[in-house]
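An overview of the molecular structure
What follows is each chain in one-letter form.
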Amino acid sequence: MMPLVVSGFFYAASDSQRLAGKVAVITGGASGIGKATATEFIKNGAKVIIADIQDDLGHSVAAELGPDAAYTRCDVADEAQVAAAVGLAVKRHGHLDVFHNNAGIAGRLPGRRSPPPKISSKSTARDAQFQSINTLSNAELTIIGSGGPYDAENNAARSQRSSGLLHQFSTAANSQRLAGKVAVITGAASGIGKASAKEFIGNGAKVILADVQDDLGRAVAAELGPGATYTRCDVTDEAQVAAAVDLAVARHGALDVFYSNAGVLGSIAPAPLASLDLAEFDRVMAVNARAAVAAAKHAARAMVPRRSGCVLFTGSVSGVVGGTGPTSYGVSKAAVLGVVRAVAGELARHGVRANAVSPCGVATPLSMVQVLEAYPGMSFEELKNAMAASMEQMEAGPLIDPEDVARAAVFLASDEAKYINGHNLVVDGGFTVGKLLKIPKE
Ligand SMILES: NC(=O)c1ccc[n+]([C@@H]2O[C@H](COP(=O)([O-])OP(=O)(O)OC[C@H]3O[C@@H](n4cnc5c(N)ncnc54)[C@H](O)[C@@H]3O)[C@@H](O)[C@H]2O)c1
């Protein structure tokens, strides 16, 4: 499909069948965001049950969207109707993959003078509905997501995930979502940076791989083909960051994406805070945090005059949750998120976006090599399993792959994310949102 021009820039129409074979229920699907979501889902290959209370509108939207859409009346304030919408999806299509809990009402506008709500009064029925829609339907989601009558199904799904079946799902990572874009990716000789360079090129971008591992970087560029160019770039040296940007512009005419990904973990030797080595702290900050500022600065130099571009950073769950990495590393990654917040507003006024991707434990040299050095008796597999076990406490499943992070980066870099700015996209299977209490079950 031809790219469309919207507000002066290109975006690839999102019809890449990324939801092929999936079944979704979308509440509030007759209008607004719900309708737009149903449209995108169907374009991407899903079957959709549009669940709403606007029957005429819902039926006509379903008719408009064709045979993959069906309308059902579903007042989300009524548990039985939510259950029925789920039941309909399963009955009609055999399973349910996505429940998009989207229906909502605004309630009264603040500042409007109105009497306090009386739930029993006929005139305040909407207040009661407002309250119940925004609370009860969330409770429904937990029934679908974990526990309750769906436990057996969940257990089967969990065991599938742990056995690696997750990776058999199609992610259609070759949909040309970055067609025509030019990117610099730092730390691209290895791990997440290498996986990102591959995904970017698979999606139509040209990539400058910037790293300090010259032999590896050149070999990766050769492996990735003519869309890839390696350049030496020590991100602690501002002149080298500037040169990588200039190389992209000289070679390809412009820079659309600067992905500041290079990073170091620093010493993992357990040491009390009182003996923190500040020289080591400075070294980690120079690679992980100061270089992020240099990236934003020189990306802005190339992007602001064109009023277009995207700066991406690799953060970490260690920048979100304390104690999940060495102290210096955690501080440096929190600073990366600070850079996003500090620059996103200024850049937005010039048509440039800034976002971060924050992964949890990925088995790459950064996370494995030093740890293995510190625990010489441990095998690579044992360490990987130990990291995976840490993720299991949120039932996130096995360790994520570098490609899972890379695909999040592709999305943020693409024009599909044109309104996403100043965001930290955690790629952690839910690790940072909560912890299970260790209360014995018996
Ligand atoms: N692996 C994980 O568990 C994990 C989790 C969260 C965040 N991250 C972050 O992901 C990013 C990529 O790390 P990875 O896991 O792919 O590790 P990796 O070791 O495979 O890759 C890091 C790359 O950065 C490069 N690099 C280091 N110092 C550099 C410098 N001064 N200039 C230029 N390049 C330099 C290395 O040569 C290497 O190629 C890092 O920012 C890291 O902090 C990793």
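Residues numbered from 1 in each chain as written. Predicted model: local features only at pLDDT ≥ 70, side-chain atom pairs only at ≥ 80, totals over all residues.

Its UniProt record gives the protein chain the following Sequence similarities (unreviewed entry) comment, quoted word for word: "Belongs to the short-chain dehydrogenases/reductases (SDR) family." (UniProt positions renumbered as here; feature names shortened; annotations may be inferred.)

Examining the nonpolar core
Membership of the largest hydrophobic core comes to 75 residues, with the highest contact counts inside it found for V184 and L209. Here V184 is in contact with I208, A210, A244, V245, A248, L255, F258 and Y259, once residues within four sequence places are set aside. (Core = buried A, V, L, I, M, F, W, Y, C linked by C-beta atoms within 7 Å. Buried ≥ 20, exposed ≤ 12 C-beta atoms within 10 Å, placed from the backbone. Contact = placed C-beta atoms within 7 Å.)

What about the environment of L96?
Looking at the secondary structure, you find L96 in the loop between α3 (79-93) and β6 (98-100). Residue class for L96 comes out buried when judged on the 20 C-beta atoms lying within 10 Å of it. Put simply, L96 and V48 are 48 residues apart on the chain and 9.8 Å apart in space, counted from C-alpha to C-alpha. Non-local contacts of L96, meaning those with residues more than four positions away in its chain, are made with V23, V25, V86, A89 and V90. (Helix = DSSP H or I, 4+ residues; strand = E, 2+ residues; numbered from the N terminus.)

Let's talk about the environment of V336
The topology assignment puts V336 in helix α10 (residues 327-348). Classification of V336 by C-beta neighbours within 10 Å gives buried; the count is 24. Ignoring any residue separated from it by four or fewer positions in sequence, one finds V336 in contact with N288, A289, A292, F313, G315, G319 and A356.

Section: the sheet that holds strand β5 (residues 69-73)
The 4 strands are arranged β5-β4-β3-β6 in an open sheet whose pairing can be described as parallel. Two strands close off the open sheet at either side, each with one partner strand: β5 and β6. Put simply, the sheet's adjacent strands are angled 20° from each other on average, direction ignored. Together, β4 (47-52) and β5 form the strand contacts of helix α2 (residues 55-65), whose direction differs from that of β5 by roughly 170°. (Pairing = 2+ DSSP bridges. Axes fitted to C-alpha atoms, helices over the stretch in contact; angles between N-to-C directions.)

A word on the packing of helix α8 (residues 238-252) against helix α9 (residues 278-303)
Contact geometry for α8 and α9: axes closest at 9 Å, N-to-C directions at 35°. In this structure, α8 meets α9 at a crossing whose hand is right-handed. On the side of α8, the interface is formed by E238, V241, A242, V245 and V249, while α9 contributes A291, A294, A295, H298, A299, R301 and A302. Residue composition of the contact of α8 with α9, grouped by class: 9 nonpolar, 1 polar and 2 charged. (Left-handed = near helix turned anticlockwise from the far one by under 90°. Nonpolar A, V, L, I, M, F, W, Y, C, P; charged D, E, K, R; others polar.)

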